[in-house]
Amino acid sequence: MNSCCDQNHSLNLKMPQPQNEDRKKIPRDYYFLKILGEGSFSTVYLTVEAESKKEYAIKVLRKRQIIRENKMEYVNREKKSLLKLGGSDPSSRFFVHLYATFQDSEHLYFVLTYARNGELLDYLARQKTFKIEWVKYYAAELLLALEFMKVKHIIHRDLKPENILFDRKWHILITDFGSSKIVGEPDVLKKSDDTNCRRRKNSFVGTAQYVSPEVLHGEETSYSSDLWAFGCIIYQMISGQTPFRAASEYLIFQKITNLDYQFPEEFDQSAKDLVEKLINLVPEKRLGALDGTSYTSIREHEFFKNTNWDDLGPAPISSEGCDELDNLVIPNNLKPGLTDEITTQLHLNMLSSPSSVEVVVHTPPVRKKSEPNRKLTDLSEEEIGERLELQKNDEYCKFVEGNLILKKGFLEKKKGTFGFARKRMFLLTFGPHLYYVDPNSMTLKGEVPFSEGMKTEAKNFKVFYIHTPNRIYYLEDTTGYALEWCKAIDEVVNYYFPKN
Ligand code: ATP
């Protein structure tokens, strides 16, 4: 056995444990119902605790990979920050809670709040923009969360809509503290390692658009770094776009460094003033940077004029009629725990069910759950006609030149070895075509050319490549349905270029 495996078995997280853990939990204390998504070295499952029947998201991290890629520090950091932010303080509600941790020889398990309503990023991409009242509400929740992080001496450093999840009542749950800094403790992501950190983030989540200039340049970070991101997020909720947009990561970095961004004409005036005061190159000059624990100067800004800081009231989004909890059933034959057999079954289930990222507006999923073996292309003339008619209600219909959409969903499209990625709506259609659209500007960005020699290659449940004769496309489905994408594309290739 090599040393990596030896290390693997001796790996122990010697960290403060979550409170109120009567005894160490084990996987068999939970029913693992479904895969919610895959990270670079983790898989997140929807689970129900056998005893309490409470639902949790359990993040299962692969020890061997963490050691091999030297990511222990990120894992420890995440755990430590989540523990600090947990507890009974009312402001703890704005964070994913870490209920328990345990491990076996191969995995670390983090038992987390289940964020039932997904990511702010996805919701925003679907809505395009938020009503100004919604922006005020979520900006206020975010500000209270930032104040609490300050109380707990935590700088997030990677705040962005992808790391802001929604709970069942559509309140925010901030997550992903792997890059956070605990003020007063040594910053293990040293300056020389900072580029590495950014590269790590980019290869994981693919965006530098919210990163403050000081984080970008590997300089000293402060609470003010999160205020920069706060400004970028407000800008995006209002305009539907990030303030710093460009064709490459390098150009985005340049734009950030030069504070090169513009406001759309119709941008709310008081919001504009707030954003301008937050997105300031000098960290100390950002609004709120000199405040105490409470961001008084931001709270008092005109944008938040009528905000009741003691009670923000119910979230503006209502999930009536689409509450998944009601459907959460434990199958009769399912045993608690996470055996290889269950893992395999859950991955198979994931492949045969329609991807949660497919936002097929008014269009039924083409591959029905009941017909997992039916090919996407197995459609009668009548079905094609019906679907083309339904498709007219789809906001992406205008990009597909009258072709039938067989599969659609958001993918991160990576460019270059540095791994910078942009979120694109991919539309796989008859024709054959694979169009991709920028969901922010709603412009067609291009098309992956179909040919006989086209091949897909799944690297894991998130990342996959499309090899074409002239180019490789690096794609990531952050919700873990890469295999479903490969299968769909292969089916269309085989339909148009059947092998003998
Ligand atoms: P990476 O590790 O590459 O940075 P990541 O941070 O998205 O990616 P994870 O934290 O493992 O990786 O999450 C994987 C996916 O699981 C997420 O994209 C999200 O869709 C889902 N997920 C994570 N945490 C939760 C949660 N608490 N509730 C619901 N879904 C979650």
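Structure shown above.
My aim in this report is to walk through the structure given alongside it, one point at a time.

Procedures and definitions
- Residues numbered from 1 in each chain as written.
- Predicted model: local features only at pLDDT ≥ 70, side-chain atom pairs only at ≥ 80, totals over all residues.
- Heavy atoms only, no water.
- Pairing = 2+ DSSP bridges.
- Helix = DSSP H or I, 4+ residues; strand = E, 2+ residues; numbered from the N terminus.
- Axes fitted to C-alpha atoms, helices over the stretch in contact; angles between N-to-C directions.
- Near = heavy atom within 4 Å.
- Polar contact = N/O pair within 3.5 Å; in protein donor to acceptor, adjacent residues only side chain to side chain.
- Areas by Shrake-Rupley, 256 points an atom, 1.4 Å probe, with all protein chains shown as cover.
- Contact = heavy atoms within 4.5 Å.
- 1 Å grid on protein atoms, 1.4 Å probe; cavity = no way out; pocket = protein on both sides within 12 Å on 5 of 7 lines; lining within 4 Å.
- Points joined across faces, edges and corners; volume = space filled by probe spheres on them.
- Nonpolar A, V, L, I, M, F, W, Y, C, P; charged D, E, K, R; others polar.
- Buried < 20%, exposed > 50% of the residue type's maximum accessible area, 1.4 Å probe, protein only.
- Arc of directions from axis to C-beta.
- Core = buried A, V, L, I, M, F, W, Y, C linked by side-chain atoms within 4.5 Å.
- Parallel < 35°, antiparallel > 145°, perpendicular 65-115°, else oblique.
- Left-handed = near helix turned anticlockwise from the far one by under 90°.

Section: the sheet that holds strand β1 (residues 30-38)
And then number 1: With antiparallel pairing, the five strands of this open sheet are ordered in space as β1-β2-β3-β5-β4. Of all strands in the sheet, those with a lone pairing partner are β1 and β4 (98-103), marking the two edges. Adjacent strand axes in the sheet meet at a mean angle of 25 degrees, parallel and antiparallel pairs treated alike.
And then number 2: Here strand β2 (residues 42-49) pairs with strand β3 (residues 55-62) via seven bridges, running antiparallel.

What about the site of the ligand?
And then number 1: Lining the immediate surroundings of the ligand are 19 residues, of which Ser40, Ser42, Lys59, Thr113 and Ala115 lie closest.
And then number 2: In this structure, Thr113 approaches the ligand through a main-chain N or O atom, which is 2.8 Å from a nitrogen atom.
And then number 3: Within the side chain of Lys462, one N or O atom sits 3.3 Å away from an oxygen atom of the ligand.
And then number 4: The protein chains hide 88% of the 600 Å² of surface that the ligand would expose on its own.
And then number 5: For the shell around the ligand, the elements supplying multiple residues, two or more each, are β1, β2, β3 and α6 (191-205).
And then number 6: Per-element tally for the shell around the ligand: the top contributor is β1, with three residues.

Notes on the side chain of Gln241
And then number 1: Here Gln241 lies in the loop between α8 (223-239) and α9 (249-257).
And then number 2: Separated by 3.2 Å, the side chains of Gln241 and Arg245 make a polar contact.
And then number 3: Beyond its immediate stretch of four places on either side in the chain, Gln241 contacts Tyr235, Gln236, Asn440 and Ser441.

So, empty space enclosed by the protein
And then number 1: In the structure shown here, the tally under the stated rule is five cavities of 30 Å³ or more.
And then number 2: Considered as a void within the structure, the largest cavity measures approximately 70 Å³ in volume.
And then number 3: Arg157, Asp158, Leu159, Tyr210, Val211, Ser212, Val215, Ser225, Asp226 and Ala229 together form the lining of the largest cavity.
And then number 4: With three residues, α8 is the single largest residue contributor to the lining of the largest cavity.
And then number 5: Of the residues that constitute the lining of the largest cavity, the class distribution is five nonpolar, two polar and three charged.

As for the environment of Leu112
And then number 1: With respect to the helices, strands and loops of the structure, Leu112 is situated in strand β5 (residues 107-112).
And then number 2: Each C-alpha atom, one on Leu112 and one on Leu82, is 9.6 Å from the other, the two residues being 30 residues apart in sequence.

Brief notes about the pairing of strand β12 (residues 433-438)
And then number 1: Buried residues dominate β12, accounting for six of its six residues.
And then number 2: In β12, alternate side chains face the same way, and those of His433, Tyr435 and Val437 on one face and Leu434, Tyr436 and Asp438 on the other are all buried.
And then number 3: Sheet topology places β12 next to strand β13 (residues 443-447); four bridges connect them, and they run antiparallel. Along β13, the bridge assignment pairs Tyr436 with Gly446.
And then number 4: Counted between consecutive antiparallel strands, the loop separating β12 from β13 contains four residues, among which Met442 sits at a positive phi close to 50 degrees.

Topic: helix α10 (residues 269-278)
And then number 1: Within α10 the residues assigned to the buried category are Ser270, Ala271, Leu274, Val275 and Leu278. End-on view of α10: buried residues confined to an arc of 135 degrees, all on one side of the axis.
And then number 2: The elements touched by buried residues of α10 are α8 and α11 (296-299).

Concerning the nonpolar core
And then number 1: Grouped together as the largest cluster of nonpolar side chains are 83 residues, with contacts concentrated most on Tyr138, Phe230 and Ile298.
And then number 2: The leading source of residues in this core is helix α5 (residues 132-151), at 13 residues.
And then number 3: With residues near it in sequence (within four places) discarded, Phe230 still touches Ala139, Leu142, Leu143, Leu146, Leu278, Ile298 and Phe304.
And then number 4: Residues Leu428, Tyr436, Phe464 and Val492 belong to the second largest nonpolar core, which totals 25 residues.

Concerning the packing of α5 against α8
And then number 1: Orientation of α5 relative to α8, taken along the N-to-C sense of each, is 165 degrees, at an axis distance of 10 Å. Classified by the angle between their axes, α5 and α8 sit roughly antiparallel to one another. In this structure, α5 crosses over α8, and the sense of that crossing is right-handed. Across the interface between the two elements, Ile132, Val135, Tyr138, Ala139, Leu142, Leu143, Leu146, Met149 and Lys150 from α5 touch Tyr223, Asp226, Leu227, Phe230, Ile233, Ile234, Met237 and Ile238 from α8.
And then number 2: Its residues placed into classes, the contact of α5 with α8 shows 15 nonpolar, no polar and two charged.

Quick word on unusual backbone geometry
And then number 1: Residue Pro432 is bonded to the preceding Gly431 through a cis peptide linkage, with omega at 0 degrees.
And then number 2: Inspection of the secondary structure assignment puts Pro432 in the loop between β11 (420-429) and β12.
And then number 3: Positive phi is not limited to glycine here, since His153 has a value of about 60 degrees.

Without other data, these values stay purely geometric and don't point to any function.
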